[in-house]
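An overview of the molecular structure
The chain contents come next:
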Amino acid sequence: MENGCLNGVTNGNSGNHAASTAEAAAAAAASAVSPPLNERSLETVRLIGQFLRELGLAHSVDALVQESGCALENSAAASFRRHVANGDWDAAEECMQSLQSLVTEASSATEIAFRLCEQRYMELLEAGDYMGALNVLRNRLTPLKFNTGRVHELSTYIMCSDAEELHRISGWPGSLGGTREALLDQLQQFFPPAVMLPPRRLLSLLDEAVQYQLAKCRYHNTDLPVAEVSLLADHACSRDSAEFPARCGQVADQHQDEVRCCQFSPDGRHLATGCKDGAVFIWRVDDLTLRLSVARRYHIGEERGGVACLAWSPDSRLLLCCAAEDSSDVLVWCVSPPPLLPPASAAAHHHSLLAESHPNGASVVVNSASVLSGGSSEPQRFSRGGTPEESLTTAAWFPDSVHFVAGGIRGQFYLFSLEAGYRKSWDFIRVVALATRTDRDGNTAALAADSFGRVRQYRFDTMQDETLLQEDGSIIAMCLSRDQQVAALNVVNSGLRLWDLQHRVCLQRLAGPGISQGGYCLHACFGGLTGNFLASGSQDNCAHVWRIGGADSQPDRLSGHSGIVNSVAWNPQHHGMLVTASDDCTIRVWLPTGRALSAAATDHGSGGTAATDGSSGQASANLASSPATHSPSDSNPDEDDDDGILE
Amino acid sequence: KSPEFNASYSMGRLHIEHMGGERVFSCANCDCPLTNRQQLISTRFTGATGRAFLFNRVVNLDTSELQDRVMLTGRHMVRDVSCRKCKTKLGWVYEFATEESQQYKEGKIILERALINESEGFPDPVKD
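Residues numbered from 1 in each chain as written. Chains lettered and ligands numbered in written order. Predicted model: local features only at pLDDT ≥ 70, side-chain atom pairs only at ≥ 80, totals over all residues. Heavy atoms only, no water.

Examining the overall build of chain B
The cut-off we apply is this: Each helix is a run of DSSP H or I of at least 4 residues and each strand a run of E of at least 2, with the numbering of both proceeding from the N terminus. Burial here depends on accessible area, computed with a 1.4 Å probe over protein chains only, as a share of the maximum for the residue type. Under 20% is buried, over 50% is exposed, and the range in between is partly exposed. Here a residue-residue contact requires only that any non-hydrogen atoms of the pair lie within 4.5 Å. Each accessible area value is a Shrake-Rupley result obtained with a 1.4 Å probe; residue values ignore everything except the protein chains displayed when judging cover.
Along chain B, the regular secondary structure elements total zero helices and 10 strands. For chain B, the N- to C-terminal ordering of α and β elements is β-β-β-β-β-β-β-β-β-β. Referenced to the eigenvectors of the C-alpha coordinate spread, the extents of chain B come out at roughly 60 × 40 × 30 Å. Residues counted as buried form 45% of the 128 residues belonging to chain B. Long-range pairs, those at least 24 residues apart, make up 47% of the contacts in chain B between residues at least 6 apart in sequence. Of the roughly 6,800 Å² of accessible surface on chain B, 48% is carried by carbon and sulfur atoms.

Looking at the side chain of Arg260(A)
Here is the rule we go by: Pairing of N or O atoms within 3.5 Å defines a polar contact, subject to two protein rules: one partner must be a possible hydrogen donor and the other a possible acceptor, and residues neighboring in sequence count only if both atoms are side-chain atoms.
Turning to its location among the elements, Arg260(A) is positioned in strand E2 (residues 259-264). Among the residues examined, Arg260(A) registers a relative accessible area of 8% and is labelled buried. A distance of 3.0 Å separates polar atoms of two side chains, one belonging to Arg260(A) and the other to Glu258(A). Not counting residues within four places of it along the chain, the set of residues in contact with Arg260(A) comprises Gly274(A), Cys275(A), Lys276(A), Gly305(A), Val307(A), His523(A), Asn566(A), Ser567(A), Gly12(B) and Arg13(B).

Quick look at the pattern of salt bridges
What counts is decided by this rule: Any Lys or Arg side-chain nitrogen found within 4 Å of a carboxyl oxygen on Asp or Glu counts as a salt bridge.
In total, this model carries 42 salt bridges over all chains according to the counting rule given. Between Glu466(A) and Arg440(A) there is a salt bridge, with its nearest N and O atoms 3.7 Å apart. Placement of the pair is Glu466(A) in strand E17 (residues 464-470) and Arg440(A) in the loop between strand E14 (431-438) and strand E15 (444-450), with a sequence separation of 26 residues. When its relative accessible area of 24% is taken as the criterion, Glu466(A) is described as partly exposed. Overall, Arg440(A) belongs to the exposed group, its relative accessible area being 70%. For Glu17(B), the salt bridge goes to Arg57(B), with nearest N and O atoms at 3.9 Å. Taken as a pair, Glu17(B) in the segment before strand E1 (21-27) and Arg57(B) in the loop between strand E4 (50-55) and strand E5 (61-63) lie far apart in primary sequence, 40 residues in all. With relative accessibility at 43%, the residue Arg57(B) sits in the partly exposed group.

Quick look at the nonpolar core
Which entries qualify depends on this criterion: Take the buried residues of types Ala, Val, Leu, Ile, Met, Phe, Trp, Tyr and Cys, join any two whose side-chain atoms come within 4.5 Å, and each joined set is a nonpolar core.
Counting residues in hydrophobic clusters, the biggest one holds 23 residues, and the most contacted among them are Leu34(B), Phe55(B), Val58(B), Leu61(B), Leu90(B), Ile109(B) and Leu111(B). Contributing elements (two or more residues each) for this core: E1, E4, strand E7 (74-83), strand E8 (89-97) and strand E9 (109-112) of chain B. Residues within four places of Leu111(B) in sequence aside, it is in contact with Leu34(B), Thr35(B), Ala52(B), Phe53(B), Phe55(B), Val58(B), Val81(B), Leu90(B) and Ile116(B). Within the second largest apolar cluster, 21 residues are counted, among which are Ala569(A), Met577(A), Ala581(A) and Leu591(A).

Looking at the sheet that holds strand E16 (residues 454-459) of chain A
All names here are of chain A. Defined as follows: Think of it this way: DSSP has to see at least two bridges between two strands before they count as a pair. Axes here mean lines fitted to C-alpha atoms, for a helix over just the part in contact, with angles spanning 0 to 180 degrees between N-to-C directions.
Across the sheet, four strands lie side by side as E14-E15-E16-E17; this open sheet has antiparallel pairing. Edge positions in the sheet fall to E14 and E17, since each has one partner strand and no second. Averaged over all pairs of adjacent strands, the angle between strand axes in this sheet comes to 25°, irrespective of strand direction. Note that E15 and E16 share four bridges and pair antiparallel. For Leu447, the partnering residue across the bridge sits in E16 and is Gln457.

As for unusual backbone geometry
Unlike most non-glycine residues, Lys145(A) shows phi in positive territory, near 50°. Along the chain, Lys145(A) falls in the loop between helix H8 (130-141) and helix H9 (148-156). In this model, Lys87(B) sits at a positive phi of 65°, which is unusual for a non-glycine residue. Mapped onto the fold, Lys87(B) is located in the loop between E7 and E8. You can call Lys87(B) partly exposed: its relative accessible area is 44%.

Focus on the packing of helix H7 (residues 108-127) of chain A against H8(A)
Residues and elements named next belong to chain A. What counts here: For classification purposes, angles smaller than 35 degrees are called roughly parallel, those larger than 145 roughly antiparallel, those between 65 and 115 roughly perpendicular, and all remaining angles oblique. For any helix crossing, the convention is left-handed if the near helix is rotated counterclockwise from the far helix by under a right angle, and right-handed if that rotation is clockwise.
Where H7 meets H8, the closest approach of the two axes is 8 Å, and the angle between their N-to-C directions is 165°. Between H7 and H8, the interaxial angle falls into the category roughly antiparallel. Note on packing geometry: the crossing formed by H7 with H8 is left-handed. Note on element contacts: H8 touches H7 through Tyr130, Gly132, Ala133, Val136, Leu137, Arg140 and Leu141, opposite Phe114, Cys117, Glu118, Arg120, Tyr121, Leu124 and Leu125.

So, the UniProt feature "domain: Yippee" (unreviewed entry) in chain B
The line we're drawing: UniProt positions are given in the numbering used here, feature names are shortened, and annotations may be inferred rather than shown by experiment.
Listed under "domain: Yippee" (unreviewed entry) in the UniProt record, and renumbered for this structure, are residues 23-120 of chain B. Here residues 23-120 of chain B runs as 0% helix and 60% strand, with 5 Å between its end C-alpha atoms.

What to know about the pairing of strand E3 (residues 270-275) of chain A
Residue and element names in this part refer to chain A. With six of six residues buried, E3 lies mostly within the body of the structure. Burial along E3 is two-sided: His270, Ala272 and Gly274 facing one way and Leu271, Thr273 and Cys275 facing the other are all buried. Linking two consecutive strands that pair antiparallel, namely E2 and E3, is a turn of five residues; a positive phi of about 70° is found at Gly268 within it. Both E3 and strand E4 (residues 279-285) contribute to a ladder of five bridges, which runs antiparallel.

Some points on the confidence of the model for chain A
Caution applies to low-pLDDT parts of the model: their predicted coordinates are not meant to be read in detail. Residue and element names in this part refer to chain A. In plain terms, the rule: You can read pLDDT as the predictor saying how much it trusts each residue, on a scale of 0 to 100.
In this model, chain A carries a mean pLDDT of 81, and residues with pLDDT of at least 70 account for 81%. Predicted confidence is poor over residues 342-371, with pLDDT under 50, and the contacts of this stretch with residues over four places away or in other chains come to 42 contacts. A low-confidence stretch, residues 605-647 stays under pLDDT 50, and its non-local contacts, those more than four residues away or across chains, total 80 contacts.

Next comes the structure, spelled out in structure tokens:
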């Protein structure tokens, strides 16, 4: 068993090991362990030994070797290590002679010799022994004929007048800077692990195990560093302790009819909700309590069939709204005014489509004559000015917050810009859902899911298009992950499908009986600190939340609504905040359990603003334990309703 | 203030499919797209309002419970179909035909001519 430990699997040459195997056999005979250790145990002993040695616990190492009878390393390698650590360069080179045959590749022997000499040379220079250094340079480094460029560089260091200048010019931290240990770590890569272990092997195995547990953790939504995760038990966040939106912290019932859409602004400070009766509300998110309060109320008119789509511009200033019933125009409100710029640059702004290729979403000052510069509650309308048979029911912004695309299933698919209005059309595409994405060359492409179950990419600048994927059913809704790599499609009778957009493969199928069987427009949203959650509305009155890529593809169900959950929105800045919009005319805010309970508590602590059913204790239980009934006492009286400018 | 919503009215937004095609048929009442000329199998059928068409595939329909009906061509098991959006009854779908010569109709849909509109569509420009 000793042979298995020391020779490893890479070479069977036993000639040079005669000495070491003999001594190993002797050690084995002296071992106190019975029955003898198997291969795995021996390797573990070696890892532990390395760990202890790296900590500096030399006595423990000796005791370990003694008691287990397992040498930590090939003895020649151990001597080599000792010599290098002590700076006995000649002895180290002698050791290399016997280790020569063990290197993984024969050519590495030269490089090892080179590095040993390099370290020796630098140390001699540092100590001021110029003659010795020159000797090494001429008689040892140069004859190797290896990396002559480096040799030239080394020869220039002779000009340094002292150690401090040497350190500065060469970037070499000095013999006291752990360079000998670093050298050993580098040299290890030339040997098979049976001869010389990779540095910190036990710690890197433990880190890998922790990372695996974190990847499987169902509710993990924090950026806990790997090094801080306890090893004592498998890591698994509990639903209530994690930063996972597990409990309802607020029920807001200001809407009068079915709430169809909800979207957070990219800066996480506002929420827009759209209703079947045409109302669009803007809610402000309180930074500390994450409470929603109504800030603006817009209406798009009753006859438009309700709000179908809401889209915030990437700079969080503008809100775009599409109506459900065959509307030939889309509406854009300016929710926040543009940042102030000096007059010269404001006047100079004029974009041509081809000139703008900045996917970083830089904020743009719009011509101040346009209604979009003020905080007016009148929206600007965008249409092609064509027939009333046109239908624009979905839209998506470009990263510059100036251009956007809009389309519908009657075959309209248009590019608009805020200043010039209608710009371009792509004909005969029946658009179901839209998104935008940065293409390979850095420009923006529009992604459209169409009525034939395809998702295709359209470049309005080059007028080139290509099909990315083809579904085998009708696509209801589409949303992209934050990194634009994954698309989640809601497909009729099939549930949610996750597609990798770059490789064009289906990654995962998330089934949910309430998701797509009835053919309702249910929207989904990615969220979480690393975008690894997907939440979706559902017909069973719950929101479903999946951990993407997790082993368990069963969703978490957030129940409490008494009607179909049409849409969900995950706050892009406050990663534990999820909002659901439902046919029961309410929106609910879901927060991590701790926050949800304290949100309910402060509600009553502040007195009069609490629920009005008379018993405050009861009301806090209502909010925290997510009841199924919708009662008027759940109203949210601390709304404030200003038409002023939102900061 | 809390509205009384009846489960059957509280619907959420219905997803409307569209089959495309160069000649599109849609509901005469609400213009919901249903099918196209390519799906048309026969025009020689008769419904309650007169002429009716037999289609291979139609979308955006709700179906009723199974019914036993005797027609000119024999006894069939059918379901009534109606427009998903406005609930107008539009025709029926054949589930089962007792006579062998009529079995070709199984799974196909009858839409009454007076209850649908035909309009101009466009071909799918995507070639790949």
